Amino acid sequence: MEEAPLSSEQVPDGECSESQKEGEGETVVFDGQNGVIEGKKEFVAPAVGMEFESYDDAYNYYNCYAKEVGFRVRVKNSWFKRNSREKYGAVLCCSSQGFKRIKDVNRLRKETRTGCPAMIRMRLVDSKRWRVLEVTLEHNHTLGAKVYRSIKKMGTGTKKKSLSSSDAEGRTIKLYRALVIDAGGNGNLNAIEREVRNSNCPNQLNLKKGDSQAIYNYFCRMQLTNPNFFYLMDLNDEGHLRNVFWIDGRSRASCLYFTDVIYIDNTYLLSRFEIPLVAFVGINHHGQSVLLGCGLLAGETTESYKWLFKAWLTCASGRCPQTIITDRCKVLQSAIVEVFPKARHRFGVSHVMKKVPEKLGGLRNYDAIRKALFKAVYESLKVIEFEAAWGFMVQRFGVVDHEWLRSLYEDRAQWAPVYLKDTYFAGMCAAQPGDTLNPFFDRYVHKQTPLKEFLDKYELALQKKHKEENLADIESRTVSPTLKTRCSFELQLSRIYTREIFKKFQLEVEEMYSCFSTTQLHVDGPIVIFLVKERVLGEGNRREIRDFEVLYNRTAGEVRCICSCFNFYGYLCRHALCVLNFNGVEEIPSKYILSRWKKDYKRLYIPDHVCNNVDATDRVQWFNQLYRSALQVVEEGVISLDHYKAALQTFEESLNRVHDVEEKQE
């Protein structure tokens, strides 16, 4: 590529060079004052390694920074390709850079040049983004007040158009996003420092003194130690921090496998904790909770939730969950409908039942009402049974007009188990008494936990969870489970499922022996409805007999029980197993063996979008795939010493092959 010679342009303050006259630009004003902060607040300073989507974005960013600090910007140098005249390099500097030319010395205009060294040098890199290569922050002159006058740039002499609020917000986010994603943590976060907590500002994240530095230090440390770490910040129209999202490399890898069902945990935000935390939680192949991302929100608003969900989708490669579980929250519900239109949104039944003492504890006959409510929720197998039990409860105890119960009934199709049998939960339903969806950071965070302390505990929690998953992987692959029956179903899945999931299925096999009768109720061609009788523990630990209807289709190899254990937990129940056994089936049909529970699931499962449609120019995509592949080798390599040695040798051989490619290209 031929390069045009360097052009040095001394441009008077407020005027534009020829290299800037490429189209109408945009001006964004960041207000450093919010009415409660004393002293001057700086915008995020430039740093080597920052990247921007375009030259315009880079210029706008430096211009906004300059206005906050109190100086003006001009273009010192520009570089162009000789043939296409495409700009590929530039130096932006303080308007006080250099000195007045000799022929201009006697002019009456006041001297403003001081030879100021402040500047940034940037270049268009292979990824087609503009990267900052050199930065000098120091000025050799007094900085003025913040500059709000629009600096003319990239114009054609026409008057600049001011941005609307929405446009300014979009531009603000875009600039900051380009900064925070790719800066590698080299900037500073003075722009988001707040000295006073303001709980009445839903459009601005509440930070105490030192919180912004804690966030910045954590993000810097993670980007140094965790190459696939990602974070995103959302600023309001005034340039103040409003929302934050982040996700570590291992959680990003987990998004490839475990986003079929997610739990959006906003417990800390709803309960007014010190930290306004929202966590994305999934369940892994061992049935363990796994973190899929975190956010801090300025307030419980639809817009904040929508921003957070879209940020998460960026990391999840656009993989929309089948099912999303949340607490009952209308604001959250609106955001989910808009961002995840194809997902089934359900309320966690354990969240609902956990609020019973708070909402009903003051009622007369509370114990009897609670007992009747639990019976209606957990023991109803058919909708008609639930409706009858609910009607009996509210009529008998005179709570027909109870506001909370009435709202629960109106939402019953989104939380009551009897209405959710066609919804896939992969074990996150909590459809039985005692089942709960605990917060991911349970026991790590209390109501007064400050943000700085949480960031330390966050790492401890993740380390503990990762260790548990690694140990479970090793145990599942090296320790054969003990069989407790002679049932062929037990032997079949003992070879396939992870140890913890197999134990849960094994209990269903054992409980087949509590089902003492399997009879046909109705036959319609290949479809047969069976009645399975089971002895269950009732009140006072007394044994009761319950009937379960099971549909069996011989032709399609389909079996469905009215208890819906498969959709709720991801494996067949004792009643369905009895029907299969009754019909001489010796192996569970493959459709009822979920890949997500297999001990080698991560090794075998490679998402389609990873193998296909590789962009020949998208280095971010290359990095993500290489990181995931390397992480798989790492996880396999810790199983044993032999695995470790093989993995290490593989890495060394791969690195040598990459070096060979590099040498051939030289």
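Keep in mind the model is a prediction, meaning the values are calculated, not measured.

**Things to note about helix 10 (residues 366-379)**
An α-helical turn contains 3.6 residues, so a residue and the one three or four places further along point in the same direction.
Step number 1: If you check helix 10, its first and last C-alpha atoms are 19 Å apart, about what 14 residues at 1.5 Å a residue would give, namely 20 Å.
Step number 2: Burial in helix 10 covers these residues: Tyr366, Ile369, Ala372, Leu373, Ala376, Val377 and Tyr378.
Step number 3: Looking at the buried side of helix 10, the elements it contacts are helix 8 (349-354), helix 9 (356-360) and helix 11 (383-396).

**Some points on the pattern of salt bridges**
Step number 1: Going through the model one piece at a time under the given rule, you end up with 28 salt bridges.
Step number 2: Of the charged contacts in the structure, one is a salt bridge between aspartate 234 and arginine 242, with a shortest N-O distance of 3.0 Å.
Step number 3: Aspartate 234 gets classed as buried once you look at its relative accessible area, which sits at 2%.
Step number 4: Across the pair arginine 560 and glutamate 558 runs a salt bridge, and its minimum N-O distance is 3.2 Å.
Step number 5: Residue glutamate 558 is classed as partly exposed on the basis of its relative accessible area, which comes to 23%.
Step number 6: By sharing partners, the salt bridges in this structure join Glu51, Glu53, Arg129 and Arg131 into a single network.

**Points about the packing of aromatic side chains**
Step number 1: Applying the stated criterion across every chain, the model contains 39 aromatic pairs.
Step number 2: Taken together, a centroid distance of 6.0 Å and an interplanar angle of 25° make the contact between tyrosine 62 and tyrosine 65 stacked. Taken together, the residues tyrosine 62 and tyrosine 65, both in helix 1 (residues 55-69) and 3 residues apart, mark about one turn of the helix. Both residues of the pair, tyrosine 62 and tyrosine 65, count as buried.
Step number 3: Aromatic rings pair up to connect Tyr218, Phe219, Phe229, Tyr231, Trp246, Phe440, Phe441, Phe454 and Tyr458 into one cluster.
Step number 4: Of note, arginine 85 hangs over the ring of phenylalanine 80, and the distance from its end group to the ring centre comes to 4.6 Å.
Step number 5: The side chain of lysine 87 reaches across the aromatic face of tyrosine 55, ending 3.7 Å from its centre.

**What about the sheet that holds strand 15 (residues 527-537)?**
Step number 1: Judged by pairing direction, the sheet is antiparallel, and its 4 strands sit side by side in the order 14-15-16-17 without closing on themselves. Both edges of this open sheet fall to strand 14 (515-524) and strand 17 (558-561), since each of them pairs with a single strand only. Going across the sheet, the axis of each strand differs from the next one's by a mean of 25°, ignoring polarity.
Step number 2: Across 4 bridges, strand 16 (residues 543-553) lies against strand 17 in antiparallel orientation. For tyrosine 552, the partnering residue across the bridge sits in strand 17 and is valine 559.

**A look at the nonpolar core**
Step number 1: Membership of the largest hydrophobic core comes to 84 residues, with the highest contact counts inside it found for Trp246, Phe441 and Phe454.
Step number 2: Examining the composition of this core, we find that 6 residues originate from one element, helix 13 (residues 451-478), more than from any other.
Step number 3: Residue contacts for phenylalanine 441: discarding those within four places in its chain leaves Tyr268, Leu277, Ala279, Leu291, Cys294, Phe454, Tyr458, Ala461 and Leu462.
Step number 4: By size, the runner-up hydrophobic cluster in this structure holds 34 residues, among which are Phe245, Trp307, Ile336 and Tyr601.

**Details of the pairing of strand 3 (residues 73-80)**
Step number 1: Where burial is concerned, most of strand 3 is hidden: 7 out of the 8 residues are buried.
Step number 2: Pairing geometry for strand 3 and strand 4 (residues 87-94), over 7 bridges, is antiparallel. What sits directly across from arginine 74, in strand 4, is cysteine 93.
Step number 3: What sits between strand 3 and strand 4 in their antiparallel hairpin is a turn of 6 residues, with arginine 85 showing a positive phi close to 60°.

**Things to note about helix 15 (residues 499-510)**
Step number 1: Between its first and last C-alpha atoms helix 15 spans 16 Å; for 12 residues at 1.5 Å apiece the expected length is 16 Å, and the two agree.
Step number 2: Regarding helix 15, the residues found buried are Arg499, Ile501, Phe502, Phe505, Gln506, Glu508 and Val509. All buried residues of helix 15 fall inside an arc of 160° around its axis, so they share one side.
Step number 3: Packing partners of the buried residues in helix 15 comprise helix 13, helix 14 (488-494) and helix 17 (574-582).

**Quick look at the environment of arginine 370**
Step number 1: Secondary-structure assignment places arginine 370 in helix 10.
Step number 2: Residues arginine 370 and proline 357, 13 residues apart in the sequence, show an inter-C-alpha distance of 8.4 Å.

**With respect to unusual backbone geometry**
Step number 1: With phi around 75°, arginine 443 is a residue other than glycine that occupies positive phi space.
Step number 2: Take arginine 443: it is sitting in the loop between helix 12 (403-410) and helix 13.
Step number 3: Taking the relative accessible area as the measure of exposure, arginine 443 reaches 72% and is therefore exposed.

**Digging into the packing of helix 10 against helix 11**
Step number 1: At a minimum axis separation of 9 Å, helix 10 and helix 11 run at an interaxial angle of 170°. When the interaxial angle is binned, helix 10 and helix 11 end up roughly antiparallel. In this structure, helix 10 contributes Ile369, Ala372, Leu373, Ala376, Val377 and Glu379 to the contact, and helix 11 contributes Glu385, Phe386, Ala389, Trp390 and Met393.

**Notes on the side chain of serine 494**
Step number 1: By the element assignment, serine 494 lies in helix 14.
Step number 2: Of note is the side chain of serine 494, whose polar atom sits 2.7 Å from the backbone oxygen of leucine 491.
Step number 3: Setting aside residues no more than four positions away along its own chain, serine 494 makes contact with Pro481, Leu483, Phe502 and Lys599.

**Some words on the sheet that holds strand 7 (residues 230-235)**
Step number 1: Read from one edge of the open sheet, 7 strands run 7-8-11-10-9-12-13, paired in mixed fashion. Two strands in the sheet have a free side with no partner beyond their single neighbour: strand 7 and strand 13 (344-347). Neighbouring strand axes in the sheet, compared pairwise and without regard to direction, differ in orientation by 20° on average.
Step number 2: Here strand 7 runs beside strand 8 (residues 241-247); their pairing, made up of 6 bridges, is antiparallel.

Criteria and cut-off values
- Residues numbered from 1 in each chain as written.
- Predicted model: local features only at pLDDT ≥ 70, side-chain atom pairs only at ≥ 80, totals over all residues.
- Heavy atoms only, no water.
- Helix = DSSP H or I, 4+ residues; strand = E, 2+ residues; numbered from the N terminus.
- Expected span 1.5 Å × (residues − 1).
- Buried < 20%, exposed > 50% of the residue type's maximum accessible area, 1.4 Å probe, protein only.
- Contact = heavy atoms within 4.5 Å.
- Salt bridge = Lys/Arg side-chain N within 4 Å of Asp/Glu carboxyl O.
- Phe/Tyr/Trp six-rings, centres within 6.5 Å; stacked < 30°, edge-to-face > 60°.
- Lys NZ or Arg CZ within 6 Å of the ring centre and 35° of its normal.
- Pairing = 2+ DSSP bridges.
- Axes fitted to C-alpha atoms, helices over the stretch in contact; angles between N-to-C directions.
- Core = buried A, V, L, I, M, F, W, Y, C linked by side-chain atoms within 4.5 Å.
- Arc of directions from axis to C-beta.
- Parallel < 35°, antiparallel > 145°, perpendicular 65-115°, else oblique.
- Polar contact = N/O pair within 3.5 Å; in protein donor to acceptor, adjacent residues only side chain to side chain.

Geometric values such as these leave the question of function open.
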